[in-house]
Amino acid sequence: MASWTLVGLWAPSGVPLFVRHTGHGKPPPYALIGSLNGVHVFGESHGVTLCTTRTQNASLTWKTYHDSIRLVLVRGSETTGDSSDSSLLDLMFASLVLLLGLDTVTSSTNIERLKRDIRPCFPLLDELLFRAVGGENHQGFSHLTGCAECVIPPEHHALQMSLRAIVAFLAMNEIEKFAESADSTYACVMMEGQVVSGTRNFWTLSHTELVLLPLLVTSNTFTVARDLPIYLPNKSPNVPFRMLVVQLTSHVSVVTLCGPTPSLADMIRSATSFWAPFYQVLEALSSLLPWNIAPALLTQLDNSVIGLLLVNYDHKRCVGCLHLSEDSRSRSLCVNKKSAALQSVYRSIIGPLLQPPAMPPEDFPTGLHPDHLPLESYVSTDSYKVYVLQSSPFHLLVLFPPALPIHIARQVSKRTLAIFTKGKTPRL
């Protein structure tokens with residue numbers, strides 16, 4: 001496993017705020033980071049910004065936020081930096097804002113107090129590092145795609161109507177003189193950190209917020225319920241919401257963003273009362289694990305598919321399936337290696353070659369005719385093949401055994417995309 005380290009510095013003085021490390025070995029000594037930070041400060045004084053640098057054993061990516069917080073992402077010698085590192089740093093900073101608020105993070109006058117304030121952010125920062133390095137039990141793609149990790153359940157529309165009903169239910173009961181300004185329109189049903197269904201306003205949250213909120217739920221341990229003050233980094237960076245998490249079954253929770261009311265105890269009673277008739281439906285959702293897609297879709301996939309990642313940029317959703325065709329053809333690729341393979345291909349293909357449909361290809365050569373922009377690509381190694389398709393607003397990455405001919409991989413990938421996108425309403 002590769003080695004990744006995140007270092008937080010107070011930009012005006014270079015004082016270290018925290019160090020988070022995952023993977024083998026030890027984090028780089030602060031003397032090295034301090035020396036490179038001096039180079040960064042020297043460059044800034046001459047109008048030059050240090051974005052990336054390399055040592056003999058590491059690759060470093062730098063980014064400064066609001067002239068206050070400087071984050072440094074250090075990759076070990078087994079990896080090299082790429083453009084996704086900058087996006088990951090943006091998520092790291094947004095994680096600080098999510099739990100502390102923008103003013104606290106950027107306007108602190110007491111560095112020692114800021115160090116203490118940041119400590120509750122460590123589980124979320126560690127979760128992002130674990131996912132970036134591909135650690136065991138931390139597979140996921142939301143930090144790369146900028147989209148919420150989802151499952152594709154059966155009877156999706158019935159669940160959607162139920163979720164809208166719970167928000168209406170909370171508004172009607174006016175718990176503890178429930179003011180109109182406290183009405184919640186942001187709620188979702190979540191299973192193992194993946195969104196099953198969300199209200200309409202929930203999906204209007206920014207890409208960053210949709211990525212971080214599920215990760216925050218999974219990185220914080222709780223029993224039956226949790227009441228956590230949070231700041232939405234884009235929508236409300238200085239005025240907090242309350243994130244109320246109520247566990248409905250062993251795998252399924254309902255998450256609601258609200259104001260001062262209702263209380264957590266009232267929310268538990270309301271959620272328990274409302275979801276009781278749907279208990280069997282919620283329990284049945286566990287049958288989607290670990291595949292993350294409905295059985296009816298699973299049976300339609302070709303046996304040669306051993307993993308896939310589907311992204312819908314318009315709907316801000318993605319689904320990853322890493323437990324497909326676990327037989328003799330894929331024994332050489334465990335779930336961790338499948339995740340690492342899809343992440344590696346996504347980093348190397350999406351952005352440098354295939355632009356996400358939601359992002360205009362501004363960095364493409366100006367002489368390249370729009371009709372000739374690439375729509376397909378593939379990567380072939382001794383361990384696997386990955387075929388990549390772009391069909392606005394989707395990206396599909398399909399993982400195959402290495403021996404499968406590439407023309408067969410192309411045909412299977414096209415059929416796989418059709419399975420998920422056929423009909424008037426896409427399944428994702």
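Computed from a prediction, not measured in an experiment: that's the story for all the values here.

**Re the overall build of the protein**
Okay, so step 1: When its secondary structure is counted, the protein shows 13 helices and 16 strands.
Okay, so step 2: In the protein, once contacts between residues fewer than 6 apart in sequence are set aside, the share between residues at least 24 apart is 60%.
Okay, so step 3: Entry remark: accessible area of the protein is about 19,200 Å², with carbon and sulfur atoms responsible for 54%.

**What to know about empty space enclosed by the protein**
Okay, so step 1: For the structure on display, the rule yields 2 cavities of 30 Å³ or more.
Okay, so step 2: Taken as a whole, the second largest cavity encloses approximately 40 Å³ of empty space.
Okay, so step 3: If you go around the second largest cavity, the residues you meet are Arg131, Ser142, Glu149, Gly193, Leu210, Val211, Pro214 and Leu215.
Okay, so step 4: The element that contributes the greatest number of residues to the lining of the second largest cavity is helix H8 (residues 207-219), accounting for 4 residues.
Okay, so step 5: Taken together, the residues of the lining of the second largest cavity break down into 4 nonpolar, 2 polar and 2 charged.

**Notes on the environment of Val335**
Okay, so step 1: Along the chain, Val335 turns up in helix H12 (residues 335-349).
Okay, so step 2: Taking the C-alpha atoms as reference points, Val335 and Leu324, separated by 11 residues in sequence, lie 9.5 Å from one another.

**Observations regarding the packing of aromatic side chains**
Okay, so step 1: On inspection of all chains with the given rule, the structure shows 5 aromatic pairs.
Okay, so step 2: Ring plane angle 55 degrees and centroid distance 6.1 Å describe the contact between Phe18 and Phe122, whose orientation is recorded as tilted. Placement of Phe18 in strand S2 (residues 15-22) and of Phe122 in helix H5 (residues 122-133) is noted, with a sequence separation of 104 residues between them.
Okay, so step 3: You can call Phe18 buried: its relative accessible area is 5%.
Okay, so step 4: Seen from their ring centres, Tyr186 and Phe241 are 6.2 Å apart, and the 90 degrees between their planes marks the pair as edge-to-face. Taken together, the residues Tyr186 in strand S7 (residues 186-191) and Phe241 in strand S10 (residues 236-247) connect sequence positions 55 residues apart.

**Let's talk about unusual backbone geometry**
Okay, so step 1: Note that the residue after Leu289, namely Pro290, is joined by a cis bond; omega there is 5 degrees.
Okay, so step 2: Following the sequence through the fold, Pro290 ends up in the loop between helix H10 (279-284) and helix H11 (295-298).
Okay, so step 3: Positive phi, normally seen in glycine, also occurs at His66, with a value near 55 degrees.
Okay, so step 4: Checked against the element boundaries, His66 lands in the loop between strand S4 (59-65) and strand S5 (69-75).

**Quick word on the side chain of Arg347**
Okay, so step 1: Turning to its location among the elements, Arg347 is positioned in helix H12.
Okay, so step 2: Owing to a relative accessible area of 14%, Arg347 belongs among the buried residues under this scheme.
Okay, so step 3: Within polar-contact distance, the side chain of Arg347 engages the backbone oxygen of Ala132 at 3.5 Å.

**Points about the sheet that holds strand S15 (residues 385-391)**
Okay, so step 1: Reading across from one edge, S6-S13-S12-S16-S15-S14 is the order of the 6 strands in this open sheet, with mixed pairing throughout. Among the strands making up the open sheet, the edge pair consists of strand S6 (148-149) and strand S14 (376-380).
Okay, so step 2: As paired elements, S15 and strand S16 (residues 394-400) share 7 bridges and run antiparallel to each other. Paired with Val388 across the bridge in S16 is Leu397.
Okay, so step 3: On the sheet, H12 packs against strand S12 (307-312), S14, S15 and S16 and is oriented at approximately 135 degrees with respect to S16.

**Here's the deal with the nonpolar core**
Okay, so step 1: Counting residues in each nonpolar core, the largest one holds 81 residues, and the members touching the most others are Ile230 and Met243.
Okay, so step 2: If one sorts the elements of this core by residue count, helix H2 (residues 84-100) sits on top with 11 residues.
Okay, so step 3: Not counting residues up to four positions away in its chain, the partners in contact with Met243 are Leu213, Leu216, Val217, Arg226, Asp227, Leu228, Ile230, Val255, Thr256 and Leu257.
Okay, so step 4: Formed by 23 residues, the second largest nonpolar core is a distinct cluster that contains Tyr313, Val335, Tyr346 and Ile350.

**A closer look at the packing of H5 against H8**
Okay, so step 1: Remark: H5 packs on H8, axes separated minimally by 9 Å, with the N-to-C direction vectors making an angle of 105 degrees. Of the possible angle classes, the one that applies to H5 and H8 is roughly perpendicular. Packed against H5, whose contacting residues are Pro123, Leu124, Glu127, Leu128 and Arg131, the element H8 presents Leu212, Leu215, Leu216, Thr218 and Ser219 at the interface.
Okay, so step 2: Considered class by class, the residues forming the contact of H5 with H8 number 6 nonpolar, 2 polar and 2 charged.

Cut-offs applied
Residues numbered from 1 in each chain as written. Predicted model: local features only at pLDDT ≥ 70, side-chain atom pairs only at ≥ 80, totals over all residues. Heavy atoms only, no water. Helix = DSSP H or I, 4+ residues; strand = E, 2+ residues; numbered from the N terminus. Contact = heavy atoms within 4.5 Å. Areas by Shrake-Rupley, 256 points an atom, 1.4 Å probe, with all protein chains shown as cover. 1 Å grid on protein atoms, 1.4 Å probe; cavity = no way out; pocket = protein on both sides within 12 Å on 5 of 7 lines; lining within 4 Å. Points joined across faces, edges and corners; volume = space filled by probe spheres on them. Nonpolar A, V, L, I, M, F, W, Y, C, P; charged D, E, K, R; others polar. Phe/Tyr/Trp six-rings, centres within 6.5 Å; stacked < 30°, edge-to-face > 60°. Buried < 20%, exposed > 50% of the residue type's maximum accessible area, 1.4 Å probe, protein only. Polar contact = N/O pair within 3.5 Å; in protein donor to acceptor, adjacent residues only side chain to side chain. Pairing = 2+ DSSP bridges. Axes fitted to C-alpha atoms, helices over the stretch in contact; angles between N-to-C directions. Core = buried A, V, L, I, M, F, W, Y, C linked by side-chain atoms within 4.5 Å. Parallel < 35°, antiparallel > 145°, perpendicular 65-115°, else oblique.

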